[in-house]
Amino acid sequence: MPPTPDPAAGAARTPRTALAELLAGNRRFVSGQPVHGHDVTAAAAVASGDQQPYAVVLGCIDSRVPLEAIFDQTFGSICVIRTGAHVLDRAVLGSIEYVVGQLGVPLVMVLGHERCGAVGSAVEALRTGQRPGGSLAYVIDRIAPAVTEVGAEDPDAHPLAIRRHVRRTVATLRADDLLAGPVVAGEVAVVGALYDLATGEVALLAEEGPEK
Ligand SMILES: [Zn+2]
């Protein structure tokens, strides 16, 4: 039985320990032996008391990637933000600034995933020149630079852009007005990762490309 994570470890929390716990939770999930996977009762929610999260995970809305489940986390342990292809807007940035600045969370993870439909739509929009209407256009426009960078006509544009878009999102967060200082000081880490739909595994992305 793996040790029960202790998200309330307070001063012991560092970017390194937070990342280790998050990845350990994913290994429990992949192994089919989650500690918290079964514990989704109202009683568990009540028992969480005051929240002391140790990480914030920004992921996609994809219904196959429920973040608390794939990291085997309990109530009160991680903050979760989900938008199409983890697109940032000011509400998302402000929410992350709140979690880091007010709750003292040392780790921000940007989690992309294979076969992301939102990234696929951006690839399609650039290939066909047909931009969607409504607010969906806002989402597609935020993803488009990653597609352009890897080359929309590249046969592997979809998987390549998924990786590039994670890296671009990480870079934007590291340069954020309120996050840049703590990041440079080593008090906060922003990392990029990919979720594999076929295995359930989360793998950290290397700091630099190339995507191939
Ligand atoms: Zn997605």
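For the structure itself, look to the data block above.
For the structure given in this document, a descriptive report is provided here. Owing to the predicted nature of the structure, the values given are computational and were not obtained by experimental measurement.

**Observations regarding the coordination of the zinc ion**
Surrounding the zinc ion are the protein donor atoms Cys60 (SG), His113 (NE2) and Cys116 (SG), which sit 2.1 to 2.3 Å from the metal. All donor residues of the zinc ion come from one chain, and their arrangement in sequence is C-x52-H-x2-C. Placement of the pair is Cys60 in the loop between strand S1 (55-59) and helix H3 (67-70) and Cys116 in the loop between strand S3 (107-113) and helix H5 (117-128), with a sequence separation of 56 residues.

**Considerations on the sheet that holds strand S5 (residues 202-204)**
Pairing within the open sheet is mixed, and its five strands lie in the order S2-S1-S3-S4-S5. The outermost strands of the open sheet, each flanked by one partner alone, are strand S2 (78-82) and S5. Averaged over neighbouring strand pairs, the angle between their axes works out to 30° when direction is ignored. As judged from the four bridges shared by S1 and S3, these two strands associate in the parallel manner. Considered in S3, the bridge of Leu58 is made with Val110. Packing against the sheet, helix H1 (residues 15-31) makes contact with S1, S2, S3, strand S4 (189-195) and S5, and its axis sits at approximately 35° to S3. On top of the sheet, helix H7 (residues 157-174) reaches S1, S3 and S4; it is set at about 165° to S4, its chief contact.

**Overview of the nonpolar core**
Judged by nonpolar contacts, the single largest core of 40 residues is most densely connected at Val56, Ile96, Val108, Val119, Ile143 and Leu173. At the level of elements, S1, S2, helix H4 (90-103), S3, H5, helix H6 (136-150), H7 and S4 are the ones that each hand at least two residues to this core. For this core, the leading source of residues is H7, giving seven residues. Other than its neighbours up to four places away in sequence, Val119 contacts Ala85, Ile143, His158, Ala161 and Ile162. Of all hydrophobic cores here, the second largest spans 21 residues; its members include Ile70, Ile78, Ala193 and Val202.

**Points about the side chain of Ser77**
Tracing the chain through its elements places Ser77 in the loop between H3 and S2. By relative accessible area, which is 1% here, Ser77 ends up buried.

**Remarks on the packing of H5 against H6**
Closest axis-to-axis distance for the H5/H6 pair is 9 Å, and the angle between their directions is 70°. Here H6 runs roughly perpendicular to H5, going by the angle between their axes. In this structure, H5 uses Ala118, Val119, Ser121, Ala122, Val123, Ala125 and Leu126 to contact H6, whose residues at the interface are Ile140, Ile143, Ala144, Val147 and Thr148. In terms of residue class, the contact of H5 with H6 is built from ten nonpolar, two polar and no charged.

**Remarks on the pattern of salt bridges**
Applying the stated rule across the entire model yields eight salt bridges. Ionic pairing is found between Arg131 and Asp141, a salt bridge with its closest N-O pair at 2.4 Å. With Arg131 in the loop between H5 and H6 and Asp141 in helix H6, this pair connects stretches of sequence that are ten residues apart. Judged by its relative accessible area of 57%, Arg131 falls in the exposed class.

**Some thoughts on the side chain of His113**
Within the secondary structure layout, His113 lies in strand S3. Residue class for His113 comes out buried when judged on its relative accessible area of 1%. Ignoring any residue separated from it by four or fewer positions in sequence, one finds His113 in contact with Cys60, Asp62, Arg64, Val65, Ile162, Leu194, Tyr195 and Leu197.

So, how was this worked out
- Residues numbered from 1 in each chain as written.
- Predicted model: local features only at pLDDT ≥ 70, side-chain atom pairs only at ≥ 80, totals over all residues.
- Heavy atoms only, no water.
- Donors = N, O, S within 2.8 Å, 3.2 Å for Na, K, Ca; no water.
- Helix = DSSP H or I, 4+ residues; strand = E, 2+ residues; numbered from the N terminus.
- Pairing = 2+ DSSP bridges.
- Axes fitted to C-alpha atoms, helices over the stretch in contact; angles between N-to-C directions.
- Contact = heavy atoms within 4.5 Å.
- Core = buried A, V, L, I, M, F, W, Y, C linked by side-chain atoms within 4.5 Å.
- Buried < 20%, exposed > 50% of the residue type's maximum accessible area, 1.4 Å probe, protein only.
- Parallel < 35°, antiparallel > 145°, perpendicular 65-115°, else oblique.
- Nonpolar A, V, L, I, M, F, W, Y, C, P; charged D, E, K, R; others polar.
- Salt bridge = Lys/Arg side-chain N within 4 Å of Asp/Glu carboxyl O.

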